[in-house]
Amino acid sequence: MKQELIIIILCILLVLGISFFILNTQKSNFIGFVAYNESSENAIQQEENQSITKEAALQAINESESIIKEMQENNFSVNYMNDSLIEARRVFEQAKYASILREDVNSTEKEKQEARNALRLIKWQDITYEDVLVYTKDIQKRKETAFLLMDKIFVEENNFKQDEMELKNVGLYISYPLPELSKEIQNILEQAKIAFSEERYNDAERLLEDFNLALEKEKTEVSTLSGIKKGAKNFFQRYWIQIISLLIVLGIIGYFTNKRFEKKLLTNKIRKMKTEEKVLNDLMKKTQTERFRENKISGLVYNIRMKKYKERLQEIKEELPVLERKRNKI
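Values in this document were obtained by computation on a predicted structure and should not be read as measured data.

1. Regarding the overall build of the chain
Piece 1. The helix and strand inventory of the chain stands at nine helices and zero strands.
Piece 2. Its helices and strands taken in sequence order, the chain reads α-α-α-α-α-α-α-α-α from the N to the C terminus.
Piece 3. Within the chain, the proportion of its 330 residues that are buried is 24%.
Piece 4. Long-range contacts, defined here as pairs at least 24 residues apart, represent 71% of the contacts in the chain between residues at least 6 apart.
Piece 5. Summing over all exposed atoms, the chain offers an accessible surface of approximately 24400 Å²; the carbon and sulfur share of this is 57%.

Right, here's the structure in full:
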């Protein structure tokens with residue numbers, strides 16, 4: 001039993017030892033593989049950087065100049081491209097001096113001194129002709145974006161005009177209840193064209209997206225309006241007798257209801273005027289009593305009050321018969 005226990009322990013230790021050895025071996029191989037990959041990538045990157053020669057960078061600059069000339073011939077604004085071209089030329093000169101200082105090319109002491117003077121304030125160690133392509137590729141991309149945007153604006157404007165013509169042909173454009181929406185869509189398109197002419201291509205793209213959304217919204221609303229108009233027309237054609245009969249009945253009811261309401265208003269007004277007439281007569285009697293029997297008010301106050309009461313009574317006497325005749329007619 002004791003011997004069996006010892007054998008089991010030895011077997012366990014043997015398995016652990018073999019496992020530890022295998023793990024260490026695999027880890028070393030993995031580290032070596034990673035290091036190899038990193039060094040390979042660095043070598044590839046260095047090779048790519050070295051592959052961009054002075055001649056290739058100069059050719060890229062010449063191609064950028066041709067692009068700018070082509071853009072100008074097509075009436076594009078090229079301020080941004082000109083700035084990028086200036087930067088490309090500046091970096092090209094820096095890369096030329098940097099290659100001299102790194103001794104990538106044969107050069108005289110005078111050329112080295114000139115290079116040191118030109119790059120004395122610049123960290124030149126990492127500057128290569130590869131950096132020139134950053135600006136030349138940007139110019140190339142700018143050209144592609146400009147021509148695509150120009151075509152897109154032309155297509156959108158043409159589509160908008162066709163939609164307008166279709167709406168006019170079906171009689172919806174003139175009767176459209178929100179003409180300011182069409183003006184708003186036209187304004188968005190004009191803003192996109194202005195942004196394009198000012199080389200604000202991102203703004204132009206965004207405005208064209210807004211234009212599409214607004215145009216789709218208008219089409220949906222016009223389509224809804226067309227459906228409502230068509231449905232109403234069909235409904236009237238199917239039930240025109242019932243609709244006219246209902247309108248006649250509603251008109252008669254409305255007429256008599258209005259007359260009844262008008263008569264009620266006149267009755268209330270006549271009642272108020274008669275009440276006011278009675279009150280004025282009582283006030284005149286009271287004023288006469290205060291003046292001649294009780295002697296509470298002066299002759300001046302008496303005359304003023306009596307004049308005011310009589311004038312109002314005269315107005316009531318003139319207006320009351322007119323209102324009563326109007327009520328009787330109703």
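Text resumes after the structure shown.
2. Focus: the packing of helix H8 (residues 240-293) against helix H9 (residues 299-329)
Two quantities define a packed helix pair, namely the angle between the helix axes and the distance between the axes.
Piece 1. One way to put it is that H8 packs onto H9 with a least axis distance of 9 Å and a crossing angle of 155°. On the basis of their axis angle, the class for H8 and H9 is roughly antiparallel. At the point where H8 passes H9, the crossing takes the left-handed sense.
Piece 2. Taken together, the residues of the contact of H8 with H9 break down into 14 nonpolar, five polar and 15 charged.

3. Let's talk about the nonpolar core
Piece 1. Formed by 44 residues in total, the largest nonpolar core has its most connected members in Met 71, Met 81, Val 132, Phe 196 and Phe 211.
Piece 2. Broken down by secondary-structure element, the contributors of at least two residues to this core are helix H2 (54-73), helix H3 (79-101), helix H5 (130-169), helix H6 (179-197) and helix H7 (201-238).
Piece 3. Broken down by element, the residue count for this core peaks at 10 residues, all from H3.
Piece 4. If we ignore the near neighbours within four places in the chain, the residues touching Phe 211 are Glu 156, Phe 160, Ile 185, Ile 188 and Leu 189.

4. Observations concerning H9
Piece 1. Look at H9: 46 Å from first C-alpha to last across 31 residues, which is about the 45 Å you get at 1.5 Å a residue.
Piece 2. Within H9 the residues assigned to the buried category are Tyr 302, Met 306, Tyr 309, Leu 313, Ile 316, Leu 320 and Leu 323.
Piece 3. Packing partners of the buried residues in H9 comprise H8.

5. Overview of unusual backbone geometry
Piece 1. If you check the backbone angles, Asn 75 has positive phi at about 65° while not being a glycine.
Piece 2. Inspection of the secondary structure puts Asn 75 in the loop between H2 and H3.
Piece 3. Look at Asn 75 and you get exposed, because its relative accessible area is 72%.

6. Here we look at the environment of Ala 195
Piece 1. By the element assignment, Ala 195 lies in helix H6.
Piece 2. Distance in space between the C-alpha atoms of Ala 195 and Leu 207 is 8.7 Å, their sequence separation being 12 residues.
Piece 3. Setting aside anything within four residues of it in sequence, one finds Ala 195 in contact with Arg 200, Asp 203, Ala 204 and Leu 207.

7. Remarks on the packing of aromatic side chains
Piece 1. In this structure the tally under the stated criterion is six aromatic pairs.
Piece 2. Between Phe 76 and Phe 196, the ring centres sit 5.7 Å apart and the planes meet at 75°, which makes this aromatic pair edge-to-face. You can see Phe 76 sitting in the loop between H2 and H3 and its partner Phe 196 sitting in helix H6, a full 120 residues away along the chain.
Piece 3. The exposure class of Phe 196 is buried, given its relative accessible area of 13%.
Piece 4. With 5.5 Å between their ring centres and 50° between their planes, Phe 92 and Tyr 129 make a pair best called tilted.

8. A few points about the pattern of salt bridges
Piece 1. For the structure on display, the rule yields 20 salt bridges.
Piece 2. We note a salt bridge from Asp 210 to Arg 206, for which the minimum N-O separation is 3.6 Å. A residue pair is termed a helical-turn pair when its members lie 3 or 4 positions apart in one helix, as Asp 210 and Arg 206 do in helix H7 at four residues.
Piece 3. By sharing partners, the salt bridges in this structure join Glu 157, Glu 190 and Lys 193 into a single network.

9. Side note on a nonpolar patch on the surface
Piece 1. Taken together, Phe 236, Trp 240, Ile 241, Ile 244, Ile 248, Ile 252, Tyr 255 and Phe 256 make up a surface patch of nonpolar side chains, about 840 Å² in accessible area.
Piece 2. Within the element layout of this structure, Phe 236 appears in helix H7.
Piece 3. In this structure Phe 236 comes out as partly exposed when scored by relative accessible area, which is 44%.

10. A word on the side chain of Ser 99
Piece 1. When you line up the elements, Ser 99 lands in helix H3.
Piece 2. Its relative accessible area of 6% is what places Ser 99 among the buried residues.

11. Here we look at the environment of Asn 117
Piece 1. By the element assignment, Asn 117 lies in helix H4 (residues 109-118).
Piece 2. Along the sequence, Asn 117 and Tyr 97 sit 20 residues apart, while their C-alpha atoms lie 9.6 Å from each other.

Parameters at a glance
Residues numbered from 1 in each chain as written. Predicted model: local features only at pLDDT ≥ 70, side-chain atom pairs only at ≥ 80, totals over all residues. Heavy atoms only, no water. Helix = DSSP H or I, 4+ residues; strand = E, 2+ residues; numbered from the N terminus. Buried < 20%, exposed > 50% of the residue type's maximum accessible area, 1.4 Å probe, protein only. Contact = heavy atoms within 4.5 Å. Areas by Shrake-Rupley, 256 points an atom, 1.4 Å probe, with all protein chains shown as cover. Axes fitted to C-alpha atoms, helices over the stretch in contact; angles between N-to-C directions. Parallel < 35°, antiparallel > 145°, perpendicular 65-115°, else oblique. Left-handed = near helix turned anticlockwise from the far one by under 90°. Nonpolar A, V, L, I, M, F, W, Y, C, P; charged D, E, K, R; others polar. Core = buried A, V, L, I, M, F, W, Y, C linked by side-chain atoms within 4.5 Å. Expected span 1.5 Å × (residues − 1). Phe/Tyr/Trp six-rings, centres within 6.5 Å; stacked < 30°, edge-to-face > 60°. Salt bridge = Lys/Arg side-chain N within 4 Å of Asp/Glu carboxyl O. Patch = residues over 30% accessible without salt bridge, like charges linked within 9 Å, V, L, I, M, F, W, Y side chains within 5 Å.

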